[in-house]
Amino acid sequence: MTQADTAEGEAHATDPRAEDAGTWRSRTRQAVRAVSRPGPWKRGPILATLAVLLGLLMLLHAQVPNRVGNVGSLVETFLPWFGLFVPVLLAGALWRRSASAVAALLLPLVAWLSLFSGQFVGTSHSRGDLIVASHNVGADNPDPAGTARALAASGADVLALEELTEEAKLIYERELAEAYPHRVIQGTVGLWSKLPLSDTGPVDIQTDYGPLAATRPPEVTNEYLRALRITVATDHGPLAVYVAHLGSARVNPRAGFWTVHRDRNARALGEAIAAEHNERVVLLGDLNGTMDDRAFAGITSQMRSAHEAAGDGFGFTWPAKFPVARIDQIMVKGVNPVSSRVLPATGSDHLPVAAAITW
């Protein structure tokens, strides 16, 4: 290379025009990348859409149809758990740095709070005028005697038991006799009381249903009794108490959320309560469903949940080892619940519930 070539190269290397051209091209590429890259309001469209759909599902859950697989009732049964999707979607929105997804999450958050924030408002724990309790004691309960003693220690004045087996009935009668001098047992349900009982009778919730039901003898029909009505004599006047154990609900691939028997029982029970002449009514039992489920409209239109009115939290009762739903209910009409609670676990797969009421 000659001396002239070297000089020419050095001059070109230090040419300001060449440097300006390189800088311009670099800035152009940066601008193109900045424009083509989505901003915070354009990122995460899928997350934002999911957030909006979640909020609409919670707000409009009553509009979800039941025609296929009873999906509407299934959604309403586990409605409180839909709130868990909010932090999951929030984590995704923050990871994507998506302002639109974060903003969209306000809808499901507000929807969930509007539905359930009242469950966490502090309530009184007054004893009230009367304490009522209910427990599905479980047909497979390995310790009915221990269960009976635990329930007696709860201080309940009126105690309803469901899913009583023939073998366990004698044990509950023996263990509860001292605390509860009055009792009524029919079929698989019973009521123990510190106060006198009268006007006892079965409630037809159409458990034994079908063309052959009317042909069965009474001793067979009695095996299907899962609901009864009793009048409890209180210091404030007679109180009508219903004890019920409705049909089970099942989730399976073929039928979806299968609740045929339960829904039929719920309608019949609602009709019986509507025909009740006493203005003061308490319903105790395992209803195998949450009161958000539209299947219980015939009951919830007349009565209110003691736990929703005076309890803390969701009060889930089933399954006992890891409760995910409140299917054991205390419903009231004409009296005021002042406290409601879930009692400690027994040998059953359900948790007991108790509530204090006043006039």
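This write-up is about the structure you can find in this document. (Residues numbered from 1 in each chain as written. Predicted model: local features only at pLDDT ≥ 70, side-chain atom pairs only at ≥ 80, totals over all residues. Heavy atoms only, no water.)

Some details on empty space enclosed by the protein
Spelled out, the test is: Grid points spaced at 1 Å and placed over the protein atoms alone form the basis of the search, with a cavity being a set where a 1.4 Å probe fits but cannot get out and a pocket an open set showing protein on both sides within 12 Å along at least five of seven lines. Lining residues have an atom within 4 Å of a point. Grid points are joined across faces, edges and corners, and a volume is the space filled by probe spheres set on the points. Gly is placed with the polar residues, together with every amino acid not listed as nonpolar (Ala, Val, Leu, Ile, Met, Phe, Trp, Tyr, Cys and Pro) or charged (Asp, Glu, Lys and Arg).
Under the counting rule described, the total for this entry stands at one cavity of 30 Å³ or more. Quantified by volume, the largest cavity comes out at close to 180 Å³. Along the lines of polarity and charge, the residues of the lining of the largest cavity split into seven nonpolar, six polar and three charged.

A few points about the pattern of salt bridges
Note the threshold: When a carboxyl oxygen of Asp or Glu is within 4 Å of a side-chain nitrogen of Lys or Arg, the pair counts as a salt bridge. The helix count covers DSSP runs of H or I at least four residues long, the strand count covers runs of E at least two residues long, and both are numbered beginning at the N terminus. When a residue's accessible area, from a 1.4 Å probe over protein chains only, is under 20% of the maximum for its type it is buried; when over 50% it is exposed; and in between it is partly exposed.
Counted according to the given criterion, the structure contains nine salt bridges. Its salt-bridge partner being E76, residue R294 comes within 3.0 Å of it at the nearest N-O pair. With R294 in the loop between strand 10 (281-286) and helix 12 (297-300) and E76 in helix 4 (residues 71-77), this pair connects stretches of sequence that are 218 residues apart. A residue is classified by how much of its surface remains accessible, and R294, at 27% relative accessible area, is partly exposed. For the salt bridge of R229 with E276, the shortest nitrogen-to-oxygen distance reads 2.7 Å. Of the two residues, R229 is situated in strand 6 (residues 227-234) and E276 in the loop between helix 11 (260-274) and strand 10; the sequence distance between them amounts to 47 residues.

Considerations on the layout of surface pockets
Computed from the structure, the largest pocket encloses a volume of approximately 440 Å³. Lining the largest pocket we find 26 residues, and of these A249, R250, N288, W318 and I327 sit closest to its centre. For the lining of the largest pocket, the residue count by class is nine nonpolar, eleven polar and six charged.

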